[in-house]
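As a plain string of letters, each chain reads:
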Amino acid sequence: MAATSSWNFMVTPTKPSLWWKLSFLSPLTTVNVTRRQNRTAKGFVVLATVFLDPKPTVLVAEKLGEAGLELLKTFANVDCSYNLDHEELCTKISLCDALIVRSGTKVTREVFERSGGRLKVVGRAGVGIDNVDLSAATEHGCLVVNAPTANTIAAAEHGIALLTAMARNIAQADASIKSGKWQRSKYVGVSLVGKTLAVMGFGKVGSEVARRAKGLGMHVIAHDPYAPADRARAIGVDLVSFEEAISTADFISLHMPLTPATSKMFNDESFSQMKKGVRIVNVARGGVIDEEALVRALDSGTVVQAALDVFTEEPPSKDSKLVLHENVTVTPHLGASTTEAQEGVAIEVAEAVVGALKGQLAATAVNAPMLPAEILSELAPFVNLSEKLGRLAVQLVAGGRGVQSVKVTYASARGPDDLDTRLLRAMITKGLIEPISSVFINLVNADFSAKQRGLRITEERILLDGSPENPLEFIQVQIANVESKFSIAMSDSGEIKVEGRVKDRKPHLTKIGSFGVDVSMEGSLILCRQVDQPGMVGSVGSILGEENVNVSFMSVGRIAPRKQAVMTIGVDEEPSKEALKRIEEIPAVEEIVFLKL
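Residues numbered from 1 in each chain as written. Predicted model: local features only at pLDDT ≥ 70, side-chain atom pairs only at ≥ 80, totals over all residues. Heavy atoms only, no water.

Let's hear about the packing of helix α1 (residues 66-73) against helix α13 (residues 339-357): which residues, and what values?
Where α1 contacts α13, the axes come no closer than 7 Å and their chain directions differ by 20 degrees. Classified by the angle between their axes, α1 and α13 sit roughly parallel to one another. Handedness of the crossing formed by α1 with α13: right-handed. Across the interface between the two elements, Glu66, Ala67, Gly68, Leu71 and Leu72 of α1 pack against Glu343, Ala346, Ile347, Ala350, Glu351, Val353 and Val354 of α13. In the contact of α1 with α13, the residues fall into 8 nonpolar, 1 polar and 3 charged. (Axes fitted to C-alpha atoms, helices over the stretch in contact; angles between N-to-C directions. Helix = DSSP H or I, 4+ residues; strand = E, 2+ residues; numbered from the N terminus. Parallel < 35°, antiparallel > 145°, perpendicular 65-115°, else oblique. Left-handed = near helix turned anticlockwise from the far one by under 90°. Contact = heavy atoms within 4.5 Å. Nonpolar A, V, L, I, M, F, W, Y, C, P; charged D, E, K, R; others polar.)

Okay, structure coming up:
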């Protein structure tokens, strides 16, 4: 339901007629204005009622499947504005919380700058994100998500379709017969059985192409510096070096992303290393091939045929020598263009964008710690714990030199290779920075913001005996070279130290300094260092009750009876300074601090 606010403005006009421009309102804001004016009066009153729509706004800049649009509309206001030029996009973006594009829209640094910080997520409806400035997105705290799985099969199928069509001259024979010719001898093809296919890039699409090529009786090799050998072996594929792949293959199928390292990777030098008569398929990115070099390789016969779905410039020029070459088969970027894939991509990117706007963890995030969905689910309670430990620790710092050095310790029965802590580190960083900064920190810009502020975060592991079923036993955060506003939080070695665990999937504080406690990290906390004696719980509770502060729990950790103790109090509201002062004045209370979690 829309929120409503009203204002009364008394205005003295300088001219008989006055034009109002409420430029601070978005197009989604409805304004009702009532004007009352007396000809002899020096002023008039404007009554304005502003209805603010709480829904976020998603700009869909390129065509998206209907199923994805319907999903977006259940959560957000959806603006489908296709074929925007760059300036139009920059003009619109300050009114949008999310942007969805395909491959045709360039999301540049200027787009993020012009968003004024409102843009929270960019969704790429597809796999490649070379049209999005990831560095600028990260600096501006904008999450970038893609749809990496929905079009995998479609792209692999199209790669195989081009492979077989090229081998049997399907496109050329079709054009010939439609022009009235019957040239059976001219279009004799080659068989695929027994030929060597080099799959360059062994990710999702590349591995699916390899599976299908194996089914066609081809010998498949692959090159990918990041592919695990065991996954390749499971498919029956040998991982080889780049040089071995291109020099021994009869067919080469490209499936790598476009990066500075892969740009024009296939050039005069690499073509010269290939077996004469090789055939090339590209359903990845046009920029990985030097197109002028490919034309030269085709003319010399080094490359006898090429089948291309992607180009450096899309669409390519009408007089492109590559497109018009008689030994080249071309399609207009159809890799993901099946009905099923289009709907799947639309749903996948819409789900990622909606989830990101809700503040949920995105398994398809491109510029944030990226983990499989099952790991995200397992770590979710520890994500909450990590942020709260960072937030609690930094509030214990008593000014001075500020926070510069933080050590995070993870205790687990799992080995280092079985515990990915990138996400947890990012959330600890978020908790550390947000309470002492005006900048909103999220998973995307946490590391960048820490580096900007000279905050050095180190991590260490404690390997425990026991079952590795539980990913973590506890997380400990230590801040060095600072003073504490709550002295008991200082460890024996002189750092602020807090420790926590997950119990029943909820974060619990289990240690402050050297004191063991056990309290839920929900709402806000009051910490009291006191002498352990009867009546303390009642005395503190009475003061808070008189101040109408609701207490959710009280817990006392002590060294020994009648010795020093720490009382931890969970509260739903922030106590007034007067209430905290009254508690501090209780004779047995030695110090007190309020922490907002």
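Let's pick the thread back up.
Describe the environment of Leu595, and please don't skip the residues or the numbers.
For Leu595, the location among the structural elements is in strand β25 (residues 589-596). Distance from Leu595 to Leu392, taken between C-alpha atoms, is 6.5 Å for residues 203 residues apart in sequence. Setting aside residues up to four positions removed in sequence, Leu595 forms contacts with Leu392, Gln395, Leu396, Ser524, Leu525 and Leu527.

Describe the environment of Ala156, naming the residues involved and giving the relevant values.
Mapped onto the elements of the fold, Ala156 is located in helix α5 (residues 152-167). When the C-alpha positions of Ala156 and Ala336 are compared, they lie 9.0 Å apart, and in sequence the two are 180 residues distant.

Quick one: what's the story with the sheet that holds strand β4 (residues 57-60), residue by residue and with numbers?
Adjacent strands of a sheet form backbone hydrogen bonds with each other and so pair up, either parallel or antiparallel. Across the sheet, which stays open at both edges, the 5 strands sit in the order β5-β4-β6-β7-β8 with parallel pairing between neighbours. Looking at strand neighbours, the two that pair on one side only are β5 (77-80) and β8 (143-146), the edges of this open sheet. Going across the sheet, the axis of each strand differs from the next one's by a mean of 20 degrees, ignoring polarity. Both strand β6 (residues 98-101) and strand β7 (residues 121-124) contribute to a ladder of 4 bridges, which runs parallel. Note that in β7 the partner of Leu99 across the bridge is Val122. α1 contacts β4, β5 and β6 of the sheet and is inclined by roughly 140 degrees relative to β5. (Pairing = 2+ DSSP bridges.)

Shape is all these values report; function is a separate question.
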